[in-house]
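Okay, here's what each chain looks like letter by letter:
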Amino acid sequence: MSELYRLIHTEKANYSIVLLCRVLRVARSSYYAWCEGEAARHARRAADDALAHEITVVHIASRHTYGVPRIHAELRRLGRRVNRKRIARVMRERDIRGVTRRRQGAR
């Protein structure tokens with residue numbers, strides 16, 4: 001859906017927003033709500049970038065071995081309160097992975 005809003009945003013110089021919304025079958029209020037949320041999306045992206053930097057520092061300090069649980073614990077120990085699932089999402093998006101140990105004795 002955001003692709004439609006982006007299209008409206010780029011084409012609003014050539015056509016009226018009313019016409020674009022009508023042709024694309026999008027409510028005008030939804031488009032304006034999307035425009036208002038742009039600042040929030042930008043702020044979240046910036047906060048995620050800052051968190052990714054902190055995660056990377058901890059990950060490098062652990063010699064690339066820490067995964068989500070240990071990085072979460074380390075950040076909490078340093079006084080940074082962040083949800084574990086958010087850490088997992090940021091690590092997944094940035095392709096940061098810890099080392100998984102193999103099970104002993106299983107053959």
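Residues numbered from 1 in each chain as written. Predicted model: local features only at pLDDT ≥ 70, side-chain atom pairs only at ≥ 80, totals over all residues. Heavy atoms only, no water.

(A) The arrangement of the overall build of the protein in detail. A tally of helices and strands in the protein yields 6 helices and 0 strands. Secondary structure of the protein in N-to-C order comes out as α-α-α-α-α-α. The C-alpha radius of gyration computed for the protein amounts to 21 Å, which surpasses the reference 13 Å derived for 107 residues by more than 25%, pointing to a less compact arrangement than a globule. Judged by the C-alpha coordinates and their principal axes, the protein covers about 65 × 40 × 20 Å. A burial count over the protein gives 26% of its 107 residues as buried. Across the protein, contacts joining residues at least 24 apart in sequence account for 48% of those joining residues at least 6 apart. Counting only carbon and sulfur atoms, one obtains 51% of the accessible surface of the protein, whose full area is about 8400 Å². Side chains of the protein give 25 positive and 10 negative charges; the mean places of these two sets differ by 10 Å. (Helix = DSSP H or I, 4+ residues; strand = E, 2+ residues; numbered from the N terminus. Rg over C-alpha atoms; globule rule 2.2 N^0.38 Å. Buried < 20%, exposed > 50% of the residue type's maximum accessible area, 1.4 Å probe, protein only. Contact = heavy atoms within 4.5 Å. Areas by Shrake-Rupley, 256 points an atom, 1.4 Å probe, with all protein chains shown as cover. Lys, Arg positive; Asp, Glu negative; His and termini not counted. Charge placed at Lys NZ, Arg CZ, Asp CG, Glu CD.)

(B) A look at the nonpolar core. Leu51, Ile55, Ile71, Leu75, Ile87 and Met91 are the most contacted members of the largest nonpolar core, which has 13 residues in total. For this core, the secondary structure elements donating two or more residues are α4 (38-61), α5 (68-77) and α6 (84-94). Apart from residues lying up to four places away in sequence, Ile55 is in contact with Ile71, Leu75, Ile87, Val90, Met91 and Ile96. Counting 8 residues, the second largest nonpolar core, distinct from the first, contains Leu20, Cys21, Tyr31 and Trp34. (Core = buried A, V, L, I, M, F, W, Y, C linked by side-chain atoms within 4.5 Å.)

As far as function goes, none of this settles anything; it's purely spatial.
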